[in-house]
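# Examining the three-dimensional arrangement
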Amino acid sequence: MHQDFFPPGIAVLTGAGISKESGIDTFRDADGLWSRVNLEEVATLEAWHRDRKKVLDFYNETRNLFRAADIHPNDAHKALAWLEREYEGEVTVITQNIDLLHEQAGSKRVIHMHGRDGEVRCMACGTVFESEQDLTPGSVCPACNAVGELRPNIVWFGEMPMHLEEIYEVLERCGLFLAVGTSGEVYPAAGFVLHVRRHAPRAHTVELNLEPTGNKSLFHEHIYGPATATVPPYVARVLKHGWK
């Protein structure tokens, strides 16, 4: 009796390194954003409760700077979108970035574990909606009319990442796990490769990064260099020959 064959899934974890090549500063580099501001004053729930105007002004300014710049998906983003289009199985991008460069490149299955730029959440009713407007302490929720309860729908320090249950399900059914442009230092994302090794033991794990990370020993394969130089040829190889 004929049985349908479903190719194993591909899970791709992306970090700040892939977007840096499009012109978005990483947060943790020596000259990154956290070297210029105190994160406890602008990127925690406590800071928002303490001084909403300061937190929202920082968010508005940072977002507007990103949008004013000439920022577009780069060849690495485009290669991952190409992989999703051409591969017969499931390809899921799990990104730590809040930018929409993966979507702009054409990727359809994107999970934003730290939230998405352009989304707003009401702390009073929990409604999430898209908005391009700057937020102020006087902003009104369109769902419940609460005043001053709107915040960017992004994960601040001390908060749990989003969609973890869905992410772990993707990891457990993958046959190939790629980590692209991520430091491997921030949990829970830093533990994803170990989760794959434990729960999808047949999966092949590949690190594509500027330099080795602390998780190097958990990857079967290591490819070092800029994402724009390493991801496109690796995707071409997978589509032509597979990964083993």
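Structural data are supplied above this passage.
These figures come from a predicted structure and were not determined experimentally.

### Things to note about the pairing of strand E1 (residues 9–14)
With six of six residues buried, E1 is to be regarded as a mostly interior element. Burial along E1 is two-sided: the residues Gly9, Ala11 and Leu13 and Ile10, Val12 and Thr14 are all buried. Across six bridges, E1 lies against strand E7 (residues 174–180) in parallel orientation. Looking at the pairing, Val12 lines up with Leu178 of E7. Two elements, E1 and strand E2 (residues 91–95), share five bridges in a ladder whose sense is parallel. Directly across from Thr14, in E2, lies its bridge partner Thr95.

### Describing the sheet that holds strand E6 (residues 150–154)
Judged by pairing direction, the sheet is antiparallel, and its three strands sit side by side in the order E5-E4-E6 without closing on themselves. Edge strands, defined here as strands with exactly one partner in the open sheet, are strand E5 (128–130) and E6. Strand-to-strand twist in this sheet, taken as the mean axis angle between neighbours without regard to direction, amounts to 45°. Note that strand E4 (residues 115–122) and E6 share four bridges and pair antiparallel. Among the inter-strand pairings, Gly115 is bridged to a residue of E6, identified as Ile154.

### Quick look at the environment of Glu221
Take Glu221: it is sitting in strand E9 (residues 221–224). A relative accessible area of 16% means that Glu221 is categorised as buried. Measuring from C-alpha to C-alpha, the distance between Glu221 and Thr205 comes to 6.5 Å, with 16 residues separating the pair along the chain. Ignoring sequence-local partners within four residues, the contact set of Glu221 consists of His204, Thr205, Val206, Glu207, Tyr234 and Arg237.

### What about the side chain of Asn97?
Within the secondary structure layout, Asn97 lies in the loop between E2 and helix H6 (101–105). The buried category is assigned to Asn97, whose relative accessible area is 8%. A distance of 3.3 Å separates polar atoms of two side chains, one belonging to Asn97 and the other to Ser19. Aside from chain neighbours lying at most four places away, what touches Asn97 is Thr14, Gly15, Ala16, Ile18, Ser19, His112 and Gly115.

### Focus: the packing of aromatic side chains
All chains considered together, the criterion is met by three aromatic pairs. A centroid spacing of 6.2 Å and a plane angle of 50° characterise the contact between Tyr87 and Trp243, whose relative ring orientation is tilted. Placement of the pair is Tyr87 in the loop between helix H5 (75–86) and E2 and Trp243 in the segment after helix H9 (227–241), with a sequence separation of 156 residues. Exposure remark for Tyr87: the relative accessible area of 14% places this residue in the buried category. The class of Trp243 is buried, set by a relative accessible area of 15%. Directly above the aromatic system of Trp48 lies the positively charged group of Arg52, at a separation of 3.8 Å from the ring centroid. The ring centre of Trp156 lies 3.7 Å from the NZ or CZ of Arg151, which sits over that ring.

### A word on helix H8 (residues 192–199)
Restricting attention to buried positions, one finds in H8 the residues Phe192, Val193, His195 and Val196. The buried side chains of H8 occupy one side of the element, clustering within an arc of 160° when seen end-on. Next to the buried residues of H8 lie E1, E2, helix H7 (164–172), E7 and strand E8 (204–209).

### Quick word on unusual backbone geometry
Between Tyr187 and the following residue, Pro188, the backbone shows a cis peptide bond with an omega angle of 10°. Relative to the assigned elements, Pro188 resides in the loop between E7 and H8. With phi around 70°, Asn145 is a residue other than glycine that occupies positive phi space. Summarising the element assignment, Asn145 is placed in the loop between E5 and E6.

Criteria and cut-off values
- Residues numbered from 1 in each chain as written.
- Predicted model: local features only at pLDDT ≥ 70, side-chain atom pairs only at ≥ 80, totals over all residues.
- Heavy atoms only, no water.
- Buried < 20%, exposed > 50% of the residue type's maximum accessible area, 1.4 Å probe, protein only.
- Helix = DSSP H or I, 4+ residues; strand = E, 2+ residues; numbered from the N terminus.
- Pairing = 2+ DSSP bridges.
- Axes fitted to C-alpha atoms, helices over the stretch in contact; angles between N-to-C directions.
- Contact = heavy atoms within 4.5 Å.
- Polar contact = N/O pair within 3.5 Å; in protein donor to acceptor, adjacent residues only side chain to side chain.
- Phe/Tyr/Trp six-rings, centres within 6.5 Å; stacked < 30°, edge-to-face > 60°.
- Lys NZ or Arg CZ within 6 Å of the ring centre and 35° of its normal.
- Arc of directions from axis to C-beta.

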